Every structure is written in C-alpha cells, then in structure tokens.
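Structural characterization, general
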Amino acid sequence: SAVISQKPSRDICQRGTSLTIQCQVDSQVTMMFWYRQQPGQSLTLIATANQGSEATYESGFVIDKFPISRPNLTFSTLTVSNMSPEDSSIYLCSATGGFTEAFFGQGTRLTVV
Amino acid sequence: AQTVTQSQPEMSVQEAETVTLSCTYDTSESDYYLFWYKQPPSRQMILVIRQEAYKQQNATENRFSVNFQKAAKSFSLKISDSQLGDAAMYFCAYRRARSYGQNFVFGPGTRLSVLP
C-alpha cells in the first residue's frame, strides 16, 4: 500500500491568485493523478502525471490553468492559477504503482472568494 | 469508453442491519478490476474492497462483501451489521487490468446514512 500526504487540507484564496497543492507519497509510484470533486459529486480527472514527462490533461483542463509538476517518483504538485469562484472545489491526488488499486491523499478543500 | 453507474443516489440503513449498494458498468474488456471506495466527511477516499474480474469468487472483507455478476456487468456491495462509522459516500470504480497508465472510472456515488 501507499500513504499519500496532501497539503494544504483547506484554503481560502482571493480571486486572481494561485494556489499550489502538494502530494508526497511514502513509496515510489508510477502514476499520479489529480482529480477535482464538487461537494456531493463524483471525481473528475484533471490530469495524469508521469515522472520526467509532461502531464496529460483531460478535456476541459489546460496546462496554463492547472500546471502540474512531477519531479520524482514520490512527489507531485498541482497549481490552480488565476483562481475564480468557479474553482472552489475539492482537489484530490491519487497514486498507483505496482498496485492494483489507487491510493488517495486527504484532499484539499479550496474556497475562492 | 467504460462507464460506471450507481442508480441509488442515497440510501439509509438502521444500525446493525444489512444494506446493499448497486453498481453496474459497461466495458468491452474481459480483464479488469472493480472497487468500492468509501469517502467519509473527512474527504479521505478509502478502499473498501477489490474484485478481480477473472476471479469467480466474490470478494469479502470482514462485514463487506460483493456480488459480482460478470455477465450482467453488475457489482453490488453488501454491508452487514452496519455501524455508524459506515456513513459515507460510496463510489464504485473500474480499472482496466495490466495498464498502469489507465486511470480509474468512478461512478456518481451513493450517499449512505446509518440511523441509530
């Protein structure tokens, strides 16, 4: 199994600013994923992050808005740029490796005012 | 593309009783994995149970068991002796096998309430 530490757990940000969310995994993992989740709803995949290559973004998500870094096999960041109230959501990171299942961080609840 | 459907947006159960959450999926693959994840108000997604499609035997984990019907593409979760701590959102998820790069497909979720 893998344990993922995600921070911050929550934040309130001013519109127009940026927030970087960090995820640290306690073991090396192949793939990391970033999701957005509106309260009470399912997970929407933002992008997939491989170490040493550009992240792959899903339809509706662009790198300029959600830049992702994956500098090594245990760490990744997601930045939410130029935030607006529509970006208020829960952001989750996830990881897989030699595992069948995915493991998740604790989530970041973002409120943009 | 694979899809996962959970037809029960909300369910409730009395403490100590049994409840079954439904999940159906659509795929053309023959080898895959199915999961149930639990998300309590703390937001942490917790793996409840996993089923490999090639296994005919239904997975069980303590009070949690599944009814996997591959031909019907059905994957229900049974929670026995429900406890207050079981209250959460439950997500059914699919993943294609032998593909580390394959992300998960999640259902819309079922909110389970446990009544004392």
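Notes on the structure in this doc start here. The numbering scheme is per chain: residues are counted from 1 as the chain's sequence reads. Whichever chain is written first is A, and whichever ligand is written first is 1; the rest continue in order. With pLDDT at 70 or above as the cut-off, local features in this predicted model cover only qualifying residues; side-chain atom pairs require 80 or more to be listed or tallied, and sums for whole chains, interfaces and linings still use all residues. The basis for every side-chain value is the complete set of non-hydrogen atoms in the structure, without hydrogens or water.

Notes on the interface of chain A and chain B
How large an interface is tends to be reported as the accessible area lost when its parts come together. This is how it is decided: The contact definition used throughout considers only heavy atoms, calling two residues in contact when any of these lie within 4.5 Å. Each of two parts loses accessible area, computed with a 1.4 Å probe, when they are put together; buried area is these two losses added. Counted as salt bridges are all cases of a side-chain nitrogen of Lys or Arg within 4 Å of a carboxyl oxygen of Asp or Glu. Distance and chemistry together define a polar contact, namely a pair of N or O atoms within 3.5 Å, with one atom able to donate a hydrogen and the other to accept it when in protein, and with adjacent residues in sequence counting only for side-chain atoms on both sides. To qualify as a helix, a DSSP run of H or I must reach at least 4 residues; to qualify as a strand, a run of E must reach at least 2; elements of each kind are numbered from the N terminus.
Opposite the 26 residues of chain A that make contact, chain B presents 22 residues. Between chain A and chain B the total buried area reaches about 1,900 Å² when both faces are included, carbon and sulfur atoms providing 54% of it. A:Glu101 serves as the salt-bridge partner of B:Arg50, at 2.7 Å between the closest nitrogen and oxygen. Joining chain A to chain B, the criterion identifies nine residue pairs in polar contact (both at pLDDT 80 or more). Elements with a contribution of two residues or more to the side of chain A that touches chain B: strand E4 (31-37), strand E5 (43-50), strand E9 (89-96) and strand E11 (108-112) of chain A. The element contributing the most residues to the side of chain A that touches chain B is E4(A), with four residues.

Overview of the packing of aromatic side chains
Counted only if it meets this: When the centres of two rings from Phe, Tyr and Trp lie within 6.5 Å, Trp using its six-membered ring, the rings pair. Their planes under 30 degrees apart give stacked, over 60 give edge-to-face, and anything left gives tilted. Burial status follows relative accessibility: with a 1.4 Å probe on protein chains alone, a residue under 20% of its type maximum counts as buried, one over 50% as exposed, and anything between as partly exposed.
Under the definition given, this model contains 15 aromatic pairs over all chains. The interplanar angle of 65 degrees and the centroid separation of 5.4 Å between the aromatic rings of B:Tyr25 and B:Tyr32 together place this pair among those described as edge-to-face. The buried category is assigned to B:Tyr25, whose relative accessible area is 5%. Classification of B:Tyr32 as buried rests on a relative accessible area of 1%. Grouping aromatic residues by their ring pairs yields a cluster made of A:Tyr35, A:Phe104, B:Tyr33, B:Phe35, B:Tyr37, B:Phe104 and B:Phe106.

Quick word on unusual backbone geometry
A cis amide bond links A:Lys7 to the next residue, A:Pro8, at an omega of 5 degrees. Inspection of the secondary structure puts A:Pro8 in the loop between strand E1 (4-7) and strand E2 (10-13). Look at B:Ala16: it is not a glycine, yet its phi comes out positive at around 80 degrees. In this fold, B:Ala16 is placed in the loop between strand E2 (10-14) and strand E3 (19-21). In this structure B:Ala16 comes out as partly exposed when scored by relative accessible area, which is 46%. Backbone geometry at B:Asn62 places phi at a positive 55 degrees, although glycine is not the residue there. Relative to the elements of secondary structure, B:Asn62 occurs in the loop between strand E7 (60-61) and strand E8 (64-69).

Some points on the state of the cysteines
One way to say it: the disulfide is the covalent bond shared by the sulfur atoms of two cysteines. Test applied: The disulfide definition used here is simple: a pair of cysteine sulfur atoms within 2.5 Å.
With the rule as written, the count across this model stands at two disulfides over all chains. Each sulfur in the disulfide pair A:Cys23 and A:Cys93 lies 1.8 Å from the other. Negative torsions about the S-S bond denote left-handed disulfides, and the value of about -90 degrees found for A:Cys23 with A:Cys93 makes this one left-handed. On the criterion of sequence distance, the pair formed by A:Cys23 in strand E3 (residues 19-25) and A:Cys93 in strand E9 is long-range, its members being 70 residues apart. Residue classification places A:Cys93 among the buried residues on the basis of a relative accessible area of 0%. Sulfur-sulfur distance for the disulfide between B:Cys23 and B:Cys92 comes to 2.0 Å. Classification of the bridge connecting B:Cys23 and B:Cys92 rests on its S-S torsion, roughly -70 degrees, and on that basis the disulfide is left-handed. With B:Cys23 in the loop between E3 and strand E4 (24-26) and B:Cys92 in strand E10 (residues 88-96), the pair connects residues that are 69 residues apart, well separated along the chain. Overall, the relative accessible area of 1% leaves B:Cys92 in the buried class. Left without a disulfide partner, A:Cys13 is nearest to the cysteine sulfur of A:Cys23, which lies 16 Å away.

Some words on the sheet that holds strand E8 (residues 75-80) of chain A
Residues and elements named next belong to chain A. For clarity, the cut-off: What makes two strands pair is DSSP finding at least two bridges between them. Geometry is summarised by axes, namely lines fitted to C-alpha atoms with helices restricted to the contacting stretch, and by angles between N-to-C directions that run from 0 to 180 degrees.
Strand order in this open sheet of four strands is E1-E3-E8-E7, and the pairing throughout is antiparallel. Edge positions in the sheet fall to E1 and strand E7 (68-72), since each has one partner strand and no second. Here the average twist between neighbouring strands, direction ignored, is 15 degrees. Alignment of E1 against E3, held across four bridges, turns out to be antiparallel. Paired with Ser5 across the two strands is Gln24, which belongs to E3.

What about the nonpolar core?
All names here are of chain A. As a reminder, the rule being used: Throughout this description, the term nonpolar core refers to a set of buried Ala, Val, Leu, Ile, Met, Phe, Trp, Tyr and Cys residues connected via side-chain atoms within 4.5 Å.
Counting residues in hydrophobic clusters, the biggest one holds 27 residues, and the most contacted among them are Trp34, Ile46, Phe66, Ile68, Leu78, Tyr91 and Leu110. Listing elements by their share of this core, those giving two or more residues are E3, E4, E5, E8, E9 and E11. Here this core gets four residues from one element, more than from any other, and that element is E3. Setting aside residues no more than four positions away along its own chain, Leu78 makes contact with Leu19, Thr20, Ile21, Trp34, Ile46, Phe66, Pro67, Ile68 and Tyr91.

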